[in-house]
Amino acid sequence: MKDINEDIKWAQINKDVLRSMENPRMGYWVAVATCIAMVGCAVLAEIWQYRYGMGYANLNWPHMWDLYIATFIFWIGMSHSGTLLSAILHIIHADWRKPIYRFAEAMTTFSLMTAGLFPLIHLGRLWNMYWVLPYVSDRGIWPNFRSPLVWDAFAIGTYLTSSALFLFIGMIPDLAICRDNARGWRKKLYIALSLGWRGDDRQWRNFRRTYLLMACFLIPLAVSVHSIVSSDFAMSIMPGWHITTFPPYFVAGALYSGCAAIITLFVLLRYFFRFEEYMTLSILEKTCKLTFAIAMVWTYLNLIEFASTWYGHDVAAKEVLLEKFYGPYAPYFWMMMFCGSVMPFALAFRKLRRHIPTMFVVSLFLNLGMWLERWMIVTPTLANAYHPIAFDTMWPSMIQWAIVFGSFGWFGLLFLVFVKVFPSVSMYEVKEMVYHRRTAAGKDPEVVLHHPHRRSDDEPEPSGGTPPPSGTPGLEGA
Amino acid sequence: MKKYKVMGLFSNFREAFNVVEEIGAQKIAGLTVDDITTKSPIEHPEIDEILGQRRSHVPKFTLCGALFGMTFGFLFLASAQATFLVQPQGGKPVVPLPSNIVLTYELLILFGVLFTLTGFLITARMFTKRSSIYSENVGIDQIGIVIEVNENTIEPAKALLKAHKTLEIREEVLK
């Protein structure tokens, strides 16, 4: 089974991708409506919390952090998908990533934008949020640069800026194609965003170098971002958090949840935009195998964490671990273990990997497991900290659940708008993939070129002036 | 002497490469590969080999950005921390190196990325206006060979393009 149909014409690639931006299936609009409803729930909950205070979120000592921070970590983790698929696989020349990396990069940007909302929501006093910025204050107060929380702000700001630019740079040649085929407001938008791309050798040379350099920056950046997020916990002295393996554990968890989300969105986009030619079962299989490998790394790091706590003779940390096993949060903990460590074995079977509805359901369970993982990091420790006076079991209120629920709608909405306005499959990269695969297979790469205007020897001599008719339909600006 | 830009569009890449090779072999007096620009839907490293060493200067911007980010980042943090001189530090250093390394690293990357982008925009000449010979088919499946010629070389150049089965020739007078 091939990753892509090597006989697909280049003009057809343009046509299919441009068509996807105009004419999605009805399911797309249902998804948009669902996301808007979810965001509506979150907005109402946030207004309520803003009006009546954080007490309605059930956030109180010792549970100052709960779902908001757990979900913040989840979304930061999700953002690693784009870096993995785009940057790492680009550097190791894994060209099967080409039809799917664009939406993975978009996921990175939008999940970071979603994650960034949670510290603000968690603040409660939204009107004071500018206090966290390092501005010259007449009170002489500056952020504490020794704190991992401030590192978080810098790291996430850098990651969001870099990943958004990485996404944008990688889209420029495709935006030029959109510019050449669009009308109305879309034409104006693409003219501005394509920055005058002409496809000449100077531009390609510098484009490739720029893309590679940015990929090289993004990989250590992604690792540092999640290591820093893990430092929010690991640099405290709280039982269950003060663990040396937290940075790699967080990074593995981030890659895992990112890959699981890629499978979910892969299936949805393939259906919404009729991308069966590009998002092939072979590519889905490869993504599943990658996810399985990362799931096993994550499972191993989990076991290492349990073992080091068990044999570490830290009584309080051991108590927290036992509380996870047997305490009030045990059902969620075991659900996490089931979803995170047992469910991925479904990815090990070829027959299941090739069954799209099964993979969709499995990916949702993997995502659930990864979200539970973050909740199980945050809450059990706060419920069983050092002081017995602070032992407490806390359940999030409906306000918290609504805001967390709405964050998925917010992410979904941003993503769905993006894939409608911008090409979600990279046209030039798919062309390159087809061209190079045909060359490597010893086939004539020229066959995939569309030759609607090829001049036969009987035809008159060519002359300047009239451009040949384009084989690509126009974007109507709808 | 008037100068022109002549572009031949090809749907057969091998023919287009042959045009570049023949100009590289100086089949037309007065024309060299330096007069050629290619336009294509994908990158063609094989053409770059014929065109010779046309280096990208983006990495220089990247290096400058990373060095600037590192220096600025550390100085920014240190100068902010210096305001703590008026506050009790409890014996801790005013400018703590270990924790500053983390943020300096982040700013190194941030400015590295920003300078790389700037370098790309400048070196790729992104904002220049598209010429009248631009063809939308270059974004689909055709390759354009643009040759900068003068009154003496325009006809031989056109003849070369036609000899290699160009689909269309476009020309523009350079000011």
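About the thresholds
- Residues numbered from 1 in each chain as written.
- Chains lettered and ligands numbered in written order.
- Predicted model: local features only at pLDDT ≥ 70, side-chain atom pairs only at ≥ 80, totals over all residues.
- Heavy atoms only, no water.
- Helix = DSSP H or I, 4+ residues; strand = E, 2+ residues; numbered from the N terminus.
- Buried < 20%, exposed > 50% of the residue type's maximum accessible area, 1.4 Å probe, protein only.
- Contact = heavy atoms within 4.5 Å.
- Areas by Shrake-Rupley, 256 points an atom, 1.4 Å probe, with all protein chains shown as cover.
- Lys, Arg positive; Asp, Glu negative; His and termini not counted.
- Charge placed at Lys NZ, Arg CZ, Asp CG, Glu CD.
- Buried area = accessible area lost by both parts, 1.4 Å probe.
- Salt bridge = Lys/Arg side-chain N within 4 Å of Asp/Glu carboxyl O.
- Polar contact = N/O pair within 3.5 Å; in protein donor to acceptor, adjacent residues only side chain to side chain.
- Domains from an automatic or database assignment.
- Pairing = 2+ DSSP bridges.
- Axes fitted to C-alpha atoms, helices over the stretch in contact; angles between N-to-C directions.
- Parallel < 35°, antiparallel > 145°, perpendicular 65-115°, else oblique.
- Left-handed = near helix turned anticlockwise from the far one by under 90°.
- Nonpolar A, V, L, I, M, F, W, Y, C, P; charged D, E, K, R; others polar.
- Core = buried A, V, L, I, M, F, W, Y, C linked by side-chain atoms within 4.5 Å.
- Expected span 1.5 Å × (residues − 1).
- Phe/Tyr/Trp six-rings, centres within 6.5 Å; stacked < 30°, edge-to-face > 60°.

Looking at the overall build of chain B
So, step 1. Secondary structure assignment for chain B yields 5 helices and 4 strands.
So, step 2. When the helices and strands of chain B are read in sequence order from the N terminus, they spell out β-α-β-α-α-α-β-α-β.
So, step 3. C-alpha atoms of chain B, sized along the principal axes, occupy 85 × 30 × 30 Å.
So, step 4. Out of the 175 residues belonging to chain B, those deemed buried represent 51%.
So, step 5. Across chain B, the fraction of contacts at a sequence separation of at least 24, relative to all contacts at a separation of at least 6, is 81%.
So, step 6. As displayed, chain B offers around 8300 Å² of accessible surface, 60% of which is attributable to carbon and sulfur atoms.
So, step 7. Taking the average location of the 18 positive side-chain charges in chain B and that of its 18 negative ones, the two points are 6 Å from each other.

Focus: the interface of chain B and chain A
So, step 1. Each partner contributes to the interface: chain B provides 73 residues, whereas chain A provides 71 residues.
So, step 2. Summed over both partners, the interface of chain B with chain A comes to about 6400 Å²; 61% of that surface belongs to carbon and sulfur atoms.
So, step 3. Broken down residue by residue, the surface that chain B buries against chain A is led by Ile42(B), Glu43(B) and Ile140(B), which jointly contribute 10%.
So, step 4. Across the contact surface, chain B and chain A share 1 salt bridge.
So, step 5. Close ionic contact of Glu43(B) with Arg208(A) constitutes a salt bridge, the shortest N to O distance being 3.3 Å.
So, step 6. Counting every contact that joins chain B to chain A gives 17 residue pairs in polar contact (both at pLDDT 80 or more).
So, step 7. Of all the secondary-structure elements, those providing two or more residues to the side of chain B that touches chain A are α1 (13-24), β2 (36-39), α2 (45-51), α3 (58-82), α4 (97-123) and β4 (168-174) of chain B.
So, step 8. Sorting elements by how many residues they give to the side of chain B that touches chain A places α4(B) first, with 17 residues.

A short note on the domain arrangement of chain B
So, step 1. Assigned domains within chain B: domain 1 (3-55 + 131-174) and domain 2 (58-123).
So, step 2. Here the C-alpha centre of domain 2 of chain B lies 46 Å away from the C-alpha centre of domain 1 of chain B.

A few points about the sheet that holds strand β3 (residues 143-150) of chain B
All names here are of chain B.
So, step 1. If you walk across this open sheet you meet the 4 strands as β2-β3-β1-β4, and the pairing is antiparallel. In this open sheet, the two edge strands, each paired with only one partner strand, are β2 and β4. The sheet shows a mean angle of 20 degrees between the axes of neighbouring strands, direction not considered.
So, step 2. In this fold α1 packs onto β1 (3-10), β2 and β3, with an angle of close to 25 degrees to the strand it touches most, β3.
So, step 3. Seen against the sheet, helix α5 (residues 154-163) touches β1, β3 and β4 and runs at an angle of roughly 5 degrees to β1.

Examining the packing of helix α3 (residues 67-78) of chain A against helix α16 (residues 398-421) of chain A
Residue and element names in this part refer to chain A.
So, step 1. In contact at an axis separation of 10 Å, α3 and α16 are set at 20 degrees when each is read in the N-to-C sense. Overall, the two elements α3 and α16 adopt an arrangement that is roughly parallel. Helix-helix and strand crossings are classified by hand; for α3 and α16 the assignment is right-handed. Residue-level inspection shows Leu67, Tyr68, Thr71, Phe74 and Trp75 of α3 in contact with α16, the latter providing Ile399, Gln400, Trp401, Ile403, Val404, Ser407, Phe408 and Phe411.
So, step 2. A per-class count over the contact of α3 with α16 returns 10 nonpolar, 3 polar and no charged.

Observations regarding the nonpolar core
So, step 1. Residues Trp10(A), Tyr68(A), Phe103(A), Met107(A), Phe233(A) and Phe415(A) are the most contacted members of the largest nonpolar core, which totals 195 residues.
So, step 2. Looking at this core, you find at least three residues from each of domain 1 (3-55 + 131-174) and domain 2 (58-123) of chain B.
So, step 3. Filtering out sequence-adjacent residues up to four positions away, Trp10(A) remains in contact with Lys431(A), Val434(A), Tyr435(A), Val448(A), Leu449(A), Phe13(B), Pro41(B), Ile42(B), Ile140(B) and Asp141(B).
So, step 4. Counting 5 residues, the second-largest nonpolar core is a separate cluster that includes Met7(B), Leu9(B), Val138(B) and Val146(B).

Section: α4(B)
So, step 1. In a regular helix each residue adds 1.5 Å, so 27 residues correspond to 39 Å; α4(B) covers 37 Å between its end C-alpha atoms and thus fits that length.
So, step 2. Downstream of α4(B) by a residue or two, Arg125(B) has a phi angle that is positive, lying close to 50 degrees.

Thoughts on the packing of aromatic side chains
Residues and elements named next belong to chain A.
So, step 1. Summed over the entire model, instances satisfying the criterion amount to 62 aromatic pairs over all chains.
So, step 2. Pairing Tyr271 with Phe272 gives two aromatic rings, centres 6.1 Å apart and planes at 55 degrees, and the pair type is tilted.
So, step 3. Judged by relative accessible area, Tyr271 falls into the partly exposed class, the value being 46%.
So, step 4. Among the aromatic residues, those joined into a cluster by ring pairs are Trp65, Phe233, Trp241, Phe246, Tyr249, Phe250, Tyr256 and Trp298.

A look at the environment of Asp141(B)
So, step 1. Structurally, Asp141(B) can be placed in the loop between α4 and β3.
So, step 2. Asp141(B) sits 130 residues away from Ser11(B) along the chain, and the two C-alpha atoms are 6.7 Å apart.

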